[in-house]
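This is what each chain is made of:
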Amino acid sequence: MPLVNEDDLDWTDVDDGEMRVRRKQLGEAAGSEDLGCSLYELPAGEASWPYHYHTANEEALYVLSGSGMVRLAGESRPLSAGDYVALPAGESGGHRVVNDSEGPLRYLVVSTMNEPEVTVYPDSEKFGVFVGAAPGGRGVRSLDGYYRIDDDVDYWEGK
């Protein structure tokens with residue numbers, strides 16, 4: 001396994017019009033297979049991915065610098081350097097990071113990289129399906145997409 005220093009990795013900018021964040025995939029760069037680790041930098045006034053939880057993957061968040069808020073299972077809590085948050089798989093691990101400060105918020109996210117995975121977004125009543133590569137991974141997916149929870153159909157529909 002190679003030794004990786006974050007200074008040797010380039011930032012990947014995620015800017016989809018709804019969210020801006022910078023990321024360095026440390027785990028991938030070090031050759032990790034079953035454990036992901038990413039360094040994130042969330043600019044002032046930005047929020048991470050919509051409130052969600054994973055059904056197959058556990059995550060943990062560790063704040064390196066800055067301050068902000070994290071929504072955990074529906075409740076907002078302050079975040080500051082040195083804070084660690086465990087995010088178990090399932091509804092109790094629901095989360096979203098918000099930078100409500102005037103400076104950048106830097107944090108590590110460590111996660112299992114299990115697939116297939118279903119990620120649930122309670123606020124928008126949808127879920128995402130990921131087969132072939134876990135969320136956050138760069139592998140080729142054989143199936144992925146987002147669906148409304150209420151779009152359930154009978155097992156035998158369309159045979």
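Shown above is the structure to which this text applies.
Okay, so let's go over this structure. (Residues numbered from 1 in each chain as written. Predicted model: local features only at pLDDT ≥ 70, side-chain atom pairs only at ≥ 80, totals over all residues. Heavy atoms only, no water.)

### With respect to the overall build of the chain
So, point 1. In terms of helices and strands, the chain carries one helix and 13 strands.
So, point 2. On C-alpha atoms alone, the chain measures out to a radius of gyration of 16 Å, which is about the 15 Å that the 2.2 N^0.38 rule sets for 159 residues.
So, point 3. When the backbone C-alpha atoms are referred to their principal axes, the chain occupies close to 55 × 40 × 30 Å.
So, point 4. Within the chain, the fraction of its 159 residues that count as buried is 35%.
So, point 5. Of the contacts formed within the chain by residues at least 6 apart in sequence, a portion of 55% connects residues at least 24 apart.
So, point 6. Summed over all atoms, the accessible surface of the chain reaches about 9,500 Å², with 49% contributed by carbon and sulfur.
So, point 7. Averaging the locations of the 13 positively and 30 negatively charged side chains of the chain gives two centres separated by 3 Å. (Helix = DSSP H or I, 4+ residues; strand = E, 2+ residues; numbered from the N terminus. Rg over C-alpha atoms; globule rule 2.2 N^0.38 Å. Buried < 20%, exposed > 50% of the residue type's maximum accessible area, 1.4 Å probe, protein only. Contact = heavy atoms within 4.5 Å. Areas by Shrake-Rupley, 256 points an atom, 1.4 Å probe, with all protein chains shown as cover. Lys, Arg positive; Asp, Glu negative; His and termini not counted. Charge placed at Lys NZ, Arg CZ, Asp CG, Glu CD.)

### Observations concerning the side chain of Lys24
So, point 1. Here Lys24 is to be found in strand E2 (residues 20-25).
So, point 2. Judged by relative accessible area, which is 6%, Lys24 ranks as buried.
So, point 3. Residues in contact with Lys24, not counting those within four places in the same chain, are Glu6, Asp7, Leu9, Asp10, Trp11, Cys37, Ser38 and Leu39.

### A word on the environment of Gly31
So, point 1. Examined against the element boundaries, Gly31 turns out to sit in the loop between helix H1 (26-29) and strand E3 (35-42).
So, point 2. Residue classification places Gly31 among the partly exposed positions, given a relative accessible area of 29%.
So, point 3. Between the C-alpha atom of Gly31 and that of Ala134, which follows or precedes it by 103 residues, the distance is 15 Å.

### Observations concerning the sheet that holds strand E7 (residues 75-80)
So, point 1. One open sheet holds the three strands; their spatial order is E7-E6-E9, and the pairing between them is antiparallel. The open sheet is flanked by E7 and strand E9 (95-98), the only strands paired with a single partner. For this sheet the average axis-to-axis angle between neighbouring strands, irrespective of direction, equals 25 degrees.
So, point 2. Sheet topology places strand E6 (residues 67-72) next to E9; four bridges connect them, and they run antiparallel. In the sheet register, Val70 faces E9, and the bridge partner there is Val97. (Pairing = 2+ DSSP bridges. Axes fitted to C-alpha atoms, helices over the stretch in contact; angles between N-to-C directions.)

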